[in-house]
Amino acid sequence: MHDAISYLLFLVGTFLAAGVVKGVTGMGLPTVAMGLLGTVMPPASAAAILVIPSFVTNVWQLFYGPSIVQLIRRFWPMMLGIILGTVGGAALLVRVDPVWSGCWLGVALMVYAGYALIAPAFSVPAALERRLSPLVGLITGLVTGATGVFVMPAVPYLGSLNMNREELIQALGLSFTTSTIALAAGLFAHGAFQVSQLGTSAMAIVPALIGMWAGQYVRMRISPKRFRQCFLFFLIALGLELASRPFL
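Described below are features of the structure shown in this document. Note that the structure is a prediction, hence the values are computed from the model and not measured.

## Concerning the overall build of the chain
Point 1. Helices and strands together make up the secondary structure of the chain, namely 11 helices and 0 strands.
Point 2. Helices (α) and strands (β) of the chain occur, in sequence order from the N terminus, as α-α-α-α-α-α-α-α-α-α-α.
Point 3. The C-alpha radius of gyration of the chain comes to 17 Å, within 12% of the 18 Å expected for a compact globule of 248 residues.
Point 4. Viewed in the frame of its principal axes, the chain has a C-alpha envelope of about 60 × 45 × 35 Å.
Point 5. The 248 residues of the chain split such that 48% are buried.
Point 6. Once local pairs closer than 6 in sequence are excluded, the contacts in the chain between residues at least 24 apart make up 85%.
Point 7. Mean positive and mean negative side-chain charge positions of the chain (13 and 6 charges, respectively) differ by 9 Å.

## Describing the side chain of Thr140
Point 1. Tracing the backbone shows Thr140 in helix 6 (residues 126–147).
Point 2. A polar contact is formed between the side chain of Thr140 and the backbone oxygen of Val136, at a distance of 2.8 Å.
Point 3. For Thr140, the residues in contact, after removing those within four places along its chain, are Ile82, Phe150, Met152, Pro153 and Ala154.

## Points about unusual backbone geometry
If a residue is not glycine, its phi is most likely negative; likewise, a peptide bond is most likely trans.
Point 1. Look at Asn162: it is not a glycine, yet its phi comes out positive at around 60°.
Point 2. Position of Asn162 relative to the elements: it lies in the loop between helix 7 (154–159) and helix 8 (165–189).

## Brief notes about a nonpolar patch on the surface
Point 1. Where nonpolar side chains cluster on the molecular surface, the patch consists of Ile72, Trp76, Leu80, Leu84, Leu138 and Leu142 and spans about 580 Å² of accessible area.
Point 2. For the nonpolar patch, the secondary-structure elements that each account for two or more residues are helix 4 (68–95) and helix 6.
Point 3. When residues of the nonpolar patch are assigned to their parent elements, the largest contribution, 4 residues, is made by helix 4.
Point 4. Classification of Leu138 by relative accessible area gives partly exposed; the value is 37%.

## Here's the deal with the nonpolar core
Looking at soluble globular proteins, one finds that nonpolar side chains tend to be buried together.
Point 1. Counting residues in hydrophobic clusters, the biggest one holds 62 residues, and the most contacted among them are Phe15, Phe75, Met78, Val151, Leu158, Leu187 and Leu235.
Point 2. Mapped onto this core, the elements with two or more residues apiece are helix 1 (2–25), helix 2 (29–37), helix 3 (43–63), helix 4, helix 5 (98–118), helix 7, helix 8 and helix 11 (224–244).
Point 3. Take this core: its biggest share by element is 8 residues, from helix 3.

The rules behind the values
- Residues numbered from 1 in each chain as written.
- Predicted model: local features only at pLDDT ≥ 70, side-chain atom pairs only at ≥ 80, totals over all residues.
- Heavy atoms only, no water.
- Helix = DSSP H or I, 4+ residues; strand = E, 2+ residues; numbered from the N terminus.
- Rg over C-alpha atoms; globule rule 2.2 N^0.38 Å.
- Buried < 20%, exposed > 50% of the residue type's maximum accessible area, 1.4 Å probe, protein only.
- Contact = heavy atoms within 4.5 Å.
- Lys, Arg positive; Asp, Glu negative; His and termini not counted.
- Charge placed at Lys NZ, Arg CZ, Asp CG, Glu CD.
- Polar contact = N/O pair within 3.5 Å; in protein donor to acceptor, adjacent residues only side chain to side chain.
- Patch = residues over 30% accessible without salt bridge, like charges linked within 9 Å, V, L, I, M, F, W, Y side chains within 5 Å.
- Areas by Shrake-Rupley, 256 points an atom, 1.4 Å probe, with all protein chains shown as cover.
- Salt bridge = Lys/Arg side-chain N within 4 Å of Asp/Glu carboxyl O.
- Core = buried A, V, L, I, M, F, W, Y, C linked by side-chain atoms within 4.5 Å.

The structure is reproduced here in structure tokens:
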């Protein structure tokens, strides 16, 4: 009984924290949730719990804007690459020893956070976008399938396409929503997504949405830049802990 209550409190706290990060920064819910859940369970199980709250919050982000049809027409090759890469990559998340899949999750967290801290500015010419988008989608899908983290290299790539803020947020919502659906399909195809997990995943929606609301409240009262820096250093520390497990 005590263990069940502790587990429930941990889940609620994880998705509250992940929701706060998304509310403040506009992203990061899957990254934080995967990182924290990965400390107590295999990454495949963590990814299965993540599916519904990630889907709900990212669909909201996707439809919060006027450009969804244009974005789908523009980025469908990238989304196709994400789907193919994620479904295929999920085999690694399911079949690899959880200690090592957790290690690779930790590496992905550190790479993402390190990149975001340095934030090198670059721009992709429009002439290269059509050729790069499918490749970026495929690589993002493989990383998503193998680690449950959606951000690399999709986030820096989309940020390099000179979209305005509203278009970028909606494009990220499209990428994250596609990744979530593809991850669920990949986990199901490889026998790692069970109907019994839907209840736990659905329950996580409530703390995630409360956290998002709280994060939006916090965003109006603190420096988003400073919060983002603290968040990224936290991801580096969490990633280091996960990545070091096979060697301890």
